Amino acid sequence: CIRDRIWLLKEEKATVSDAPDFRTGFGDDLNFLYVAEYVDGILPAFELFSLEDDRERTLAEAERLFGIIVFHELAHANDFFPPARMGTLRRADSTLEAFTANAEFAASAQLEASLPLDSELMQALADITFEGVEPTAAQTQITASQAGTAFAGDSAVDFYGHYTGYEDTATLVDQVMSRYHFGIDYLAAFVTRPDENGLVECNDFKVGFGQLGRIGDPLVAARATLVLQTVLGREDVSGYFANLPPPRDLPVGQGYCSAALSVLVSAGSSSSRRLPYGAPVVERAVNQLPRVLRIYR
């Protein structure tokens, strides 16, 4: 979450609370996990620094992580108050009154009206995973493959987008902008939850469905185009989608790390990547457990 990402100096890091996020444990009764990460070639797109030491970081080292957060949160702001509608706001109105008066022009409202998400299953699973709704006995038996099939059949760019229309909008924006400005991709998968109670390795999480660069799916890109036009206040946003490669599917049934590496290696030569300010990246540990990197939750 944001609270442990916005720091540079050790004095700033020392102010970060180590209390568990209240959403920790949501969805633990489900039979699958949703895992996701930003990648640059075969490497993670940025390093996640520990909060348990005195190590500091430069702005260049934190640039991508900061950037993704800013893209996402400003997408929310411009969703609620589109640039094209700023001239209609009345100074006497409260923030809520101004939002209500312009609600029909919001990017999320237009997306819901024109290209809505349809999967009731994914909506229910998102409520369990991100809001903490108690799953039914039947929902706890849904497999990674079944969840992935439902997700693939809809047009969200990320599982978090099924939680609310606002998050649907913001995830579309942050993935487009991250690709455009930093040349990084998003790798996401629905994987099995291992039965072992002890230590498990990355490849114990078997892929039920996964994709690299889902923003390159034509329907997903169409939804992102609609949103970007509103939040940026531009009629032509085609430049943000130029040369987007199609999504690449992860091999079903393979361990997550092996499947991810095979796809990342095969995709490595097909996209040009920029490294602003020469920001360093770190190698993936072979036993690294996958985790959700929805850093703005």
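Preceding block: the structure.
For clarity, every value in this text was computed on a predicted model and none was experimentally measured. (Residues numbered from 1 in each chain as written. Predicted model: local features only at pLDDT ≥ 70, side-chain atom pairs only at ≥ 80, totals over all residues. Heavy atoms only, no water.)

Sorry, what's going on with a negative patch on the surface here?
On the surface, Glu11, Glu12, Asp54 and Glu56 cluster together into a patch of negative charge. Residue placement: Glu12 occurs in helix α1 (residues 10–13). Under the relative-accessibility criterion, Glu12 is labelled partly exposed at 36%. (Patch = residues over 30% accessible without salt bridge, like charges linked within 9 Å, V, L, I, M, F, W, Y side chains within 5 Å. Areas by Shrake-Rupley, 256 points an atom, 1.4 Å probe, with all protein chains shown as cover. Salt bridge = Lys/Arg side-chain N within 4 Å of Asp/Glu carboxyl O. Lys, Arg positive; Asp, Glu negative; His and termini not counted. Charge placed at Lys NZ, Arg CZ, Asp CG, Glu CD. Helix = DSSP H or I, 4+ residues; strand = E, 2+ residues; numbered from the N terminus. Buried < 20%, exposed > 50% of the residue type's maximum accessible area, 1.4 Å probe, protein only.)

Quick question: what am I supposed to make of the nonpolar core here?
Among soluble globular proteins, nonpolar side chains are generally buried collectively. One finds Phe32, Leu125, Phe159, Leu172, Phe190, Leu228 and Phe241 to be the most contacted residues of the largest nonpolar core, which totals 49 residues. Of all the elements in the fold, those that place two or more residues in this core are β1 (32–40), α2 (59–80), α4 (107–114), α5 (120–131), α6 (144–152), α7 (165–182), β3 (185–192) and α8 (218–232). Here this core takes 7 residues from α8, the largest share from any one element. In this view, Leu172 contacts Leu111, Val157, Ile215, Val220, Arg223, Ala224 and Val227; residues no more than four positions away in its chain are not counted. (Core = buried A, V, L, I, M, F, W, Y, C linked by side-chain atoms within 4.5 Å. Contact = heavy atoms within 4.5 Å.)

Whenever I open this one, the packing of aromatic side chains confuses me. Can you help?
Under the criterion given, the structure shown has 18 aromatic pairs. On the numbers, 6.1 Å between centres and 40° between planes, the contact of Tyr38 with Phe46 is tilted. Phe46 carries the same exposure label as Tyr38, and that label is buried. Between Tyr160 and Tyr163, the aromatic rings sit 6.1 Å apart at their centres with planes inclined by 15°, giving stacked as the arrangement. For Tyr160, a relative accessible area of 5% corresponds to the buried category. (Phe/Tyr/Trp six-rings, centres within 6.5 Å; stacked < 30°, edge-to-face > 60°.)

Got a minute to help me understand the pairing of β3 in this structure?
Side chains on a regular strand alternate between the two faces of the sheet. Buried residues dominate β3, accounting for 7 of its 8 residues. Direction of pairing for β1 relative to β3: antiparallel, over a ladder of 8 bridges. Residue pairing in the sheet places Leu33 in a bridge with Val191 of β3. As judged from the 5 bridges shared by β3 and strand β4 (residues 207–212), these two strands associate in the antiparallel manner. Each bridged residue has a counterpart across the sheet, and for Val191 the counterpart in β4 is Val207. (Pairing = 2+ DSSP bridges.)

Explain the sheet that holds β1 here, please?
Strand pairing in a sheet takes place through backbone hydrogen bonds and is either antiparallel or parallel in direction. Across the sheet, 5 strands lie side by side as β2-β1-β3-β4-β5; this open sheet has antiparallel pairing. Each end of this open sheet is capped by a strand with a single partner; those strands are β2 (43–44) and β5 (248–249).

Would you explain the state of the cysteines in this entry?
When the sulfur atoms of two cysteines share a covalent bond, that bond is a disulfide. A full pass over the atoms with the stated rule returns 1 disulfide. Covalent S-S linkage joins Cys202 and Cys257, the inter-sulfur distance amounting to 2.1 Å. An S-S torsion of about 90° defines the bridge between Cys202 and Cys257 as right-handed. Within this pair, whereas Cys202 is found in the loop between β3 and β4, its partner Cys257 is found in helix α9 (residues 256–267), the two being separated by 55 residues in sequence. Considered together, Cys202 and Cys257 belong to a single accessibility category, that of buried residues. (Disulfide = S-S within 2.5 Å.)

Explain the packing of α5 against α6 here, please?
A pair of packed helices is captured by two measures, namely the crossing angle of their axes and the spacing between those axes. For the pair α5 and α6, the least separation of the axes is 9 Å and the interaxial angle reads 120°. Our classification of the angle between α5 and α6 gives oblique. Along this stretch, α5 crosses α6, giving a crossing that reads as left-handed. Along the contact surface, α5 presents Leu121, Met122 and Leu125, while α6 presents Gln146, Ala147, Ala150 and Phe151. Residues of the contact of α5 with α6, tallied by class, amount to 6 nonpolar, 1 polar and no charged. (Axes fitted to C-alpha atoms, helices over the stretch in contact; angles between N-to-C directions. Parallel < 35°, antiparallel > 145°, perpendicular 65-115°, else oblique. Left-handed = near helix turned anticlockwise from the far one by under 90°. Nonpolar A, V, L, I, M, F, W, Y, C, P; charged D, E, K, R; others polar.)

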